[in-house]
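Residue-level structure breakdown
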Amino acid sequence: MVTVILRSLFLIFFCLFLKTAYNTITCYFLTPRRIKKIMEKQGVRGPKPRPLTGNIIDVTSFVSYSTSKDMDSIQHDIVPRLLPHYDAWSKQYGKRFIYWNGIEPRMCLTETELIKELLTKYSIKAGKSWLQQQGSKHFIGGGLLMANGDNWYRQRHIVAPAFMGERLKSYSGHMVECTKKMLQSLENAVELGQTEFEIGEYMTRLTADIISRTEFDCSYEKGKQIFHLLTALQRLCAQASRHLCFPGSRFFPSKYNREIKSLKMEVERLLMEIIQCRKDCVEIGRSSSYGNDLLGMLLNEMQNKREKGPFSLNLQLIMDECKTFFFAGHETTALLLTWTTMLLSSNPSWQDKVRAEVNHVCNGETPSVDHLPKLALLNMVINESLRLYPPATVLPRMAFEDFKLGDLHIPKGLSIWIPVLAIHHSEELWGKDANEFNPDRFASKSFSAGRHYIPFAAGPRNCIGQTFAMMEAKIILAMLISRFCFTISDSYRHAPVIVLTIKPKYGVQVRLKPLNP
């Protein structure tokens, strides 16, 4: 009897071993070779990949060299600096080329009509790849940003009301109050003799405070530990590709894996305190619902148990959504505000134009939702800032099944890489002044959103918070520009770098002068 049991167990383990071995060989060798052959038959080639690591070493070498020095001056031709591998390989292999992010084949796509078709028509058939999901697993987990298929659709359906209609308009009061506090702190510092400020730090704290109050009903002071931990996780996740090259590497007890898991556990502990506090208020009768903000909507949905089938909203997913919106809800807007302040500081004529417009439209009043549509010049400046310094440099989409894209046959498993930064700086699309700050290009509707202007992606999977971010950016900039005149500091060093998003390596130092001393 014992022999029979041992033989059965051995057979089970042997079958599991064979299955694991087959899946590993298929994932790491057979599928990549199949995709490579299919794309080569269609004339799509690229640099030769190394076993397992692909072209990661090449990309790292390119970027290390291109960002090793600061830029000589404030100029915006940043594609060779931030995407040097694209710059080199597109010249060598053409507009369509394929390179390897470890074992993941990525085809570069810059043809705008095909990009529109991909983002609008194939939003379910293409999405986030396994490498992307594993790389951000301990950062934002399975939240909306990394979800695919039905999971993505249902998550989007649940959180969308938090960024729509009257609820969105109601956030403007929080935005104004938080901005007043920041402006007052700047004025106090100026009165004490400080004239130079690293404006990025102020914008980061401000947008963090706003997202904390509007979507999680807590202040920045209460959530700042979460923001600091998420920033540390972001830096580690930016290195994920080089740690996921080898089979089973995510299970190794390496320093990287230990550190990232430790940070994740601490973030989730702090989030659980906020969630439990909200749940306790309902359970002891202090409140009849979990609230109308994003966190309250998620908890109400879990309590009502409306969802059936494979998708289930549980506490882990709620924490993943919280991490997603804590991060995305302040990081991208803070960078937009920082880069726009830099651009206006170094282009005083446009700063004067925008200030005159704000004074005319608002007439000394605090900016409101009703004022924002009338701030056309400010809108143009923000659009130009997003064109020159988009939050994300690339949009990757992996094919979950075979499909036809224009004249291309896209095989299952191919990741399509849309270099947003390169498209936004293309002279072919934007003209000879593509690398210059010229908001006038957005004075008409001639630019094509969703084709060659995609700072928030496009199609069904576009950024769910883009209206929130634009409203926030307009209110903050309108209030800042009506209170201060700002110029770029001599100590500012222009050195954009990528840490998942485009950031100023040393911050943005500006000199502030109150307009009404």
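Structural data are supplied above this passage.
Report follows, based on the coordinates. Fair warning: this is a prediction, and the values are worked out from it, not measured in the lab. (Residues numbered from 1 in each chain as written. Predicted model: local features only at pLDDT ≥ 70, side-chain atom pairs only at ≥ 80, totals over all residues. Heavy atoms only, no water.)

1. Focus: the overall build of the chain
Of regular secondary structure, the chain possesses 20 helices and 12 strands. Considering the chain as a whole, with its 517 residues, one finds that 53% of them fall into the buried category. Looking at the chain alone, contacts between residues at least 24 apart form 74% of all its contacts between residues at least 6 apart. Roughly 24100 Å² of accessible area belongs to the chain as shown, and the carbon and sulfur atoms make up 55% of that amount. (Helix = DSSP H or I, 4+ residues; strand = E, 2+ residues; numbered from the N terminus. Buried < 20%, exposed > 50% of the residue type's maximum accessible area, 1.4 Å probe, protein only. Contact = heavy atoms within 4.5 Å. Areas by Shrake-Rupley, 256 points an atom, 1.4 Å probe, with all protein chains shown as cover.)

2. So, the sheet that holds strand β4 (residues 196–198)
Taken together, the three strands give an open sheet; going across it, the order is β4-β12-β9, and neighbouring strands pair in antiparallel fashion. Unpaired on one side and paired on the other, β4 and β9 (484–488) mark the two borders of the sheet. Sheet twist, expressed as the mean angle between neighbouring strand axes with direction ignored, is 40°. Both β4 and strand β12 (residues 509–514) contribute to a ladder of three bridges, which runs antiparallel. Residue pairing for β12: Glu196 is matched across the bridge by Arg511. Those strands touched by helix α9 (residues 172–191) are β4, β9 and β12, and its axis lies near 70° from that of β9. (Pairing = 2+ DSSP bridges. Axes fitted to C-alpha atoms, helices over the stretch in contact; angles between N-to-C directions.)

3. Focus on unusual backbone geometry
Of note, the phi angle at Ala457 is positive, near 65°, even though the residue is not glycine. Of the residues examined, Ala457 reaches a relative accessible area of 16% and is grouped as buried. A positive phi is found at Leu500, a non-glycine position, where the angle reads about 70°. With respect to the helices and strands, the residue Leu500 is situated in the loop between β10 (496–499) and β11 (501–504).

4. Thoughts on the packing of helix α15 (residues 315–345) against helix α20 (residues 466–483)
Following both chains from N to C, one finds α15 and α20 inclined at 40°, their axes separated by 10 Å at the closest point. With respect to each other, α15 and α20 are oriented oblique. Of the two possible hands of crossing, α15 and α20 adopt the one that is right-handed. For the pair α15 and α20, contact is made by Gly329, Thr333, Leu336, Leu337, Thr340, Thr341 and Leu344 and by Phe468, Ala469, Glu472, Ala473, Ile476, Leu477, Leu480 and Ile481, respectively. Classifying every residue of the contact of α15 with α20 gives 10 nonpolar, four polar and one charged. (Parallel < 35°, antiparallel > 145°, perpendicular 65-115°, else oblique. Left-handed = near helix turned anticlockwise from the far one by under 90°. Nonpolar A, V, L, I, M, F, W, Y, C, P; charged D, E, K, R; others polar.)

5. Some thoughts on the environment of Gln155
Structurally, the position occupied by Gln155 is in helix α7 (residues 149–159). The sequence separation of Gln155 and Leu144 amounts to 11 residues, and the corresponding C-alpha distance is 6.1 Å.

6. Considerations on the packing of aromatic side chains
Counted under the stated rule, the structure contains 17 aromatic pairs. Look at Tyr122 and Phe403: their rings are 4.2 Å apart centre to centre, the planes differ by 20°, and that puts the pair in the stacked class. Taken together, the positions of Tyr122 in the loop between α5 (112–121) and β3 (126–127) and Phe403 in strand β6 (residues 403–405) put the pair 281 residues apart, joining distant regions of the chain. Aromatic rings pair up to connect Phe62, Tyr86, Trp89, Phe97, Tyr99 and Trp417 into one cluster. Between the NZ or CZ atom of Arg387 and the centre of the ring of Trp430, over which it lies, the distance is 5.2 Å. In this structure, Arg493 is placed above the aromatic ring of Tyr506, and the distance from its NZ or CZ to the ring centre is 3.8 Å. (Phe/Tyr/Trp six-rings, centres within 6.5 Å; stacked < 30°, edge-to-face > 60°. Lys NZ or Arg CZ within 6 Å of the ring centre and 35° of its normal.)

7. Observations concerning the sheet that holds strand β8 (residues 415–418)
The strand order across the open sheet built from five strands is β1-β2-β8-β5-β3, with neighbouring strands paired in mixed fashion. Among the strands making up the open sheet, the edge pair consists of β1 (97–101) and β3. Pairing analysis gives two bridges linking β3 to strand β5 (residues 395–399), with the strands arranged antiparallel. Among the inter-strand pairings, Ala126 is bridged to a residue of β5, identified as Ala399. In the packing of α5 onto the sheet, the strands contacted are β3, β5 and β8, and the crossing angle to β8 comes to about 125°.

8. Considering the side chain of Thr207
With respect to the secondary-structure elements, Thr207 resides in helix α10 (residues 199–216). Overall, the relative accessible area of 0% leaves Thr207 in the buried class. Within the local environment of Thr207, its side chain forms a polar contact with the backbone oxygen of Thr204, the two atoms lying 3.3 Å apart. Those residues in contact with Thr207, other than ones at most four positions away along the chain, are Gly329, His330, Thr333, Ala334, Leu337, Glu472 and Ile476. (Polar contact = N/O pair within 3.5 Å; in protein donor to acceptor, adjacent residues only side chain to side chain.)

9. Brief notes about the nonpolar core
Counting residues in hydrophobic clusters, the biggest one holds 122 residues, and the most contacted among them are Leu186, Phe216 and Ile318. Per-element tally for this core: the top contributor is α15, with 14 residues. In contact with Phe216, other than residues within four places in its own chain, are Ile211, Arg278, Asp293, Leu294, Leu295, Cys322, Phe325 and Phe326. Grouped together as the second largest cluster of nonpolar side chains are 26 residues, Val44, Ala399, Ile410 and Ala458 included. (Core = buried A, V, L, I, M, F, W, Y, C linked by side-chain atoms within 4.5 Å.)

10. Notes on a nonpolar patch on the surface
Residues Ile5, Leu9, Ile12, Phe13 and Leu16 make up a contiguous nonpolar surface patch of about 490 Å² in total accessible area. Locating Ile12 in the fold gives a position in helix α1 (residues 2–41). (Patch = residues over 30% accessible without salt bridge, like charges linked within 9 Å, V, L, I, M, F, W, Y side chains within 5 Å. Salt bridge = Lys/Arg side-chain N within 4 Å of Asp/Glu carboxyl O.)

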